[in-house]
Every structure is written in structure tokens, then in C-alpha cells.
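# Structure at a glance
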Amino acid sequence: MADFGNEGLAELYRRPGSVSTVYVDVTQTGEDPRRTSTIRHRTLRESLAAAGAPSGDADTIVELVEEPPGIPGKVSRLMIVRDGKVEFNEVLPGEPLGELMASYGPVPSLIPLFTQRPRDLSYVVAEVGRDGGEIRLFRLSQADPVAEEDVQGDTEYITKVQVGFLSNSRYQRDTEEIWKRNEGQVADAIDEIVRDSGAELLVVTGDVRARQLLVAQLAPATRDILAVVPTNTRPGGATTRELEEDLDRHLASILAQDEYDALERLESGRGEGLAEIDFAAVVRSLQQGQVEVLILDPAGLSGTTLIALDREPWVAASSADALGAGELGEVAAADALARAATLTDARVVVVSHGELRGDSTAAALLRWSTLPAAAETE
């Protein structure tokens, strides 16, 4: 299974003490920036005060929200602050879920993160020319590249030219071979990065002939995750806008496929005892560490609460179900369920209201069947 980056979130969920969580639309607009900033600061402070957050947390969040997002287009920021100290600060590209969400309590509200960046997949962007190429490895959680490699190939006879009649064909062949060797080096570097990182998408752009030679020399496993953008974004080439738009589409498609696959498994797994759609059964399954994938409908869960616990089983519907664990307090059910899933190494998938069958607001794909052994063999 791909790396869903739960390790860092689990540590965040384990830390003691109440936290302030703010999710806010930070899209850059053409409005007066000073006026916009003043209104945003006032709204943030009022919302946090209404939620019961300390003024020290509000001060820190107001400073954070003014940091340039560093990403064009629609963008939001999710911030978690405890005792005035920043514990989480991430920019989330894409259409914001709302103008502002603010809360204060024993459990951080990470539902916006699970909605917009349900997992922290890796991807590779390669911009190639006939003299080599630049390769960058990214993760969804980071704006800057995780790693970069610049492959410089041979530049002798790099451009085909018209020379004397007898020597022209030899120069043409020599030049084509140089291009092919150069792209072979780039292909080898890409294959290694994809293999080592577990990247799920490779986007290639650049000179058209270089792209053709590169793709022909990639390993089959690398070609399986390949998407070619038909533009040249290297120095002197076209704008990067087409690359960015195409990249966003491919990443969104991968994440949408995750949701589709989870819902398909939910339907097929119910008859095999490998899926639950009853809310109480989902809570019990989480308590037993039985959930592999938790599927949440936050809109449907609005107004519902559960008890967050300081150790296993992490969540309870009532004090009687706490099994001796300390109670952190009642929190929004979506947050409590997502926390319990993360702390038991389950994946969280957020769906729109109505995508789950009937009146279900939470569902689970299970690690082992709930059917009796005899029933499974019939």
C-alpha cells in the first residue's frame, strides 16, 4: 500500500493539551491587501475567541496567515497552534472548502486536510531537452521539491546542421545518437528516483524530440505512471501554466480514483463481512483496530459527537465504552473517528454527503472478516 503519511499526523494526535485549529481561504485577490488583511485579522480573532482559544494562539495564527502561500490560484491554509506554538501549517491548493473554520479543543480538526490532501503521495516532474534534463521529486505536503537532479549530457553536434553533401548524413546520425544517449541518462535517473521514492505519477515536458527519445528508454514500471505534457517549459520555452494545470488534473485523478475504489470495495465487501456502514459498528471496529479504511461523510456527521480517549481504544460512544482510558472530552464525531483511524494506522477517505448508501454517515473497510469461520467457507 502507498505511503499515506499517517506517522506525523499520529504524533500530532497523541500530543496532550487543547489546540487551536484554523482553516482559512488565503487566495490572493485584486482587492486592497491592507483592507483585506485588517478584516481577516479581526474575523480570525473573533472566531477564535468564540471557540474559547487563548489570545496567544490567536496572535500566532494571525502572523501565520500573512505568510505568502507561494502557490498561484485558489489556495487555503490549515494551521494548528498549541500554547502559542505552531504544530502544523500547511497550504492546500484547490478550491477552498469555505472562507473560515476555527475551533479549540482537545483534538485538532484535520478534516480539511483529509478532504483536500487525503494522502501525501510522491510525484516526479522531468523537464527535458536534447542536452539532458532537470528532474524534481515532490510530495503533496511540500511546495518545494524533496529532491532534484540535473542531468547534463553531451553537447557535441547537439544541433543538426546542413553541411557538405557527403558528410551530412553522418553528422545527422551522430547527432541523433548523442540525443539518444543524453535521454538514456535522464531515463536512468528517473527510473531510479521513481523506484526509490514509490512515486505514483511522472510528468514529462520539454523538447518534443527529447521527450520521444526519453519515453522510449524508460523502464516499463516508470512508463506505467507517465503523463506527457506537450509543451516546452525549459528556459526559453513556454510558460509553466500548462504544466501546472495538467499536473493538478493528474493528481486530482489519482485521489479521485482512491475514493472510487474505496466505495467500490465497500459495496463488494459487505457480503463478505469486510465492510461496515452502521455508525455504531464502525466505532466498535475502530476500537478493535479492525479498520483498514475509514470513509467519512462530515456533513452527515455534523452535530454528532464522540468521546476522544488518551489511549487505546482512542474513541468511545460513552464513558462505559472507554475501557479504562482517560477521557479527553467530547469532540465532533468526524474528528474523533479520523483521529482513531490515524492512530490505528487506517486510511481516511472523505466523501460528499449522499455518496454513502442510505442514511450512513460513516463506513469502514475491514482488515479481517466479521463473519463466522463456518459462514466464510460455505
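Conventions we followed
- Residues numbered from 1 in each chain as written.
- Predicted model: local features only at pLDDT ≥ 70, side-chain atom pairs only at ≥ 80, totals over all residues.
- Heavy atoms only, no water.
- Pairing = 2+ DSSP bridges.
- Helix = DSSP H or I, 4+ residues; strand = E, 2+ residues; numbered from the N terminus.
- Contact = heavy atoms within 4.5 Å.
- Axes fitted to C-alpha atoms, helices over the stretch in contact; angles between N-to-C directions.
- pLDDT = per-residue confidence, 0-100.
- Patch = residues over 30% accessible without salt bridge, like charges linked within 9 Å, V, L, I, M, F, W, Y side chains within 5 Å.
- Areas by Shrake-Rupley, 256 points an atom, 1.4 Å probe, with all protein chains shown as cover.
- Salt bridge = Lys/Arg side-chain N within 4 Å of Asp/Glu carboxyl O.
- Lys, Arg positive; Asp, Glu negative; His and termini not counted.
- Charge placed at Lys NZ, Arg CZ, Asp CG, Glu CD.
- 1 Å grid on protein atoms, 1.4 Å probe; cavity = no way out; pocket = protein on both sides within 12 Å on 5 of 7 lines; lining within 4 Å.
- Points joined across faces, edges and corners; volume = space filled by probe spheres on them.
- Nonpolar A, V, L, I, M, F, W, Y, C, P; charged D, E, K, R; others polar.
- Buried < 20%, exposed > 50% of the residue type's maximum accessible area, 1.4 Å probe, protein only.
- Phe/Tyr/Trp six-rings, centres within 6.5 Å; stacked < 30°, edge-to-face > 60°.
- Lys NZ or Arg CZ within 6 Å of the ring centre and 35° of its normal.
- Polar contact = N/O pair within 3.5 Å; in protein donor to acceptor, adjacent residues only side chain to side chain.

What follows concerns the sheet that holds strand E12 (residues 305-309). Strand order across the open sheet formed by 3 strands is E13-E12-E14, with antiparallel pairing between neighbours. Each edge of the open sheet carries a strand with a single partner, namely strand E13 (315-316) and strand E14 (327-332). Direction of pairing for E12 relative to E14: antiparallel, over a ladder of 5 bridges. Residue Leu309 lies in a different strand from E14, and its bridge partner there is Glu327. Each of E12, E13 and E14 is contacted by helix H11 (residues 333-343), which is oriented at about 120° to E14, the strand it contacts most.

Taken as a whole, the protein shows an average pLDDT of 88; of its residues, 88% reach a score of 70 or greater. Confidence over residues 160-166 falls short of pLDDT 50; this stretch has 10 contacts with residues more than four positions distant or in other chains.

Judged by side-chain charge, Glu149, Asp150, Asp188, Glu192 and Asp196 come together as a negatively charged surface patch. Every element with two or more residues in the negative patch is listed here: strand E7 (147-152) and helix H5 (165-197). With 3 residues, the top contributor of residues to the negative patch is H5. Positionally, Glu192 belongs in helix H5.

An order of E3-E2-E1-E4 is seen for the 4 strands of this open sheet, with the pairing classed as antiparallel. A single partner strand is all that each edge strand has here, and the edge strands are strand E3 (85-93) and strand E4 (100-105). Neighbour-to-neighbour, the strand axes of this sheet turn through a mean angle of 10°, independent of strand direction. Strand direction decides the pairing type here: strand E2 (residues 75-82) and E3, joined by 8 bridges, are antiparallel. The residue bridging Val81 from the neighbouring strand is Val86, located in E3.

Bringing the pattern of salt bridges into the picture now. Applying the stated criterion across every chain yields a total of 14 salt bridges. Salt bridges linked by common partners bring Glu11, Arg15, Arg82 and Glu87 together as one network.

This part covers the layout of surface pockets. Computed from the structure, the largest pocket encloses a volume of approximately 1300 Å³. Lining the largest pocket are 48 residues, and of these Pro93, Tyr123, Leu140, Asp248 and Leu251 sit closest to its centre. Counting residues per element, the lining of the largest pocket draws most heavily on helix H8 (residues 241-269), which supplies 12 residues. For the lining of the largest pocket, a count of residues per class yields 23 nonpolar, 9 polar and 16 charged.

Here we come to the environment of Asp359. With respect to the helices, strands and loops of the structure, Asp359 is situated in the loop between strand E15 (347-350) and strand E16 (362-366). Judged by relative accessible area, which is 79%, Asp359 ranks as exposed. Measuring from C-alpha to C-alpha, the distance between Asp359 and Phe279 comes to 9.8 Å, with 80 residues separating the pair along the chain.

What follows concerns the packing of aromatic side chains. Scanning the entire structure with this criterion turns up 1 aromatic pair. With a centroid separation of 5.3 Å and an interplanar angle of 10°, the aromatic rings of Tyr123 and Phe138 are classed as stacked. In this pair, Tyr123 sits in strand E5 (residues 122-129) while Phe138 sits in strand E6 (residues 132-139), placing the two residues 15 residues apart along the sequence. Each member of the pair, Tyr123 as well as Phe138, carries the same accessibility label: buried. If you follow Arg130 out to its NZ or CZ, it ends over the ring of Trp179, 4.3 Å from the centre.

Before going further, it helps to examine the side chain of Arg77. By the element assignment, Arg77 lies in strand E2. Of the residues examined, Arg77 reaches a relative accessible area of 2% and is grouped as buried. Of the polar contacts made by the side chain of Arg77, one reaches the backbone oxygen of Glu67; its length is 2.9 Å. In this structure, Arg77 is in contact with Val22, Tyr23, Val24, Val26, Leu64, Val65, Glu67, Pro68, Pro69, Asn89, Glu90 and Val91, ignoring residues within four places of it in sequence.

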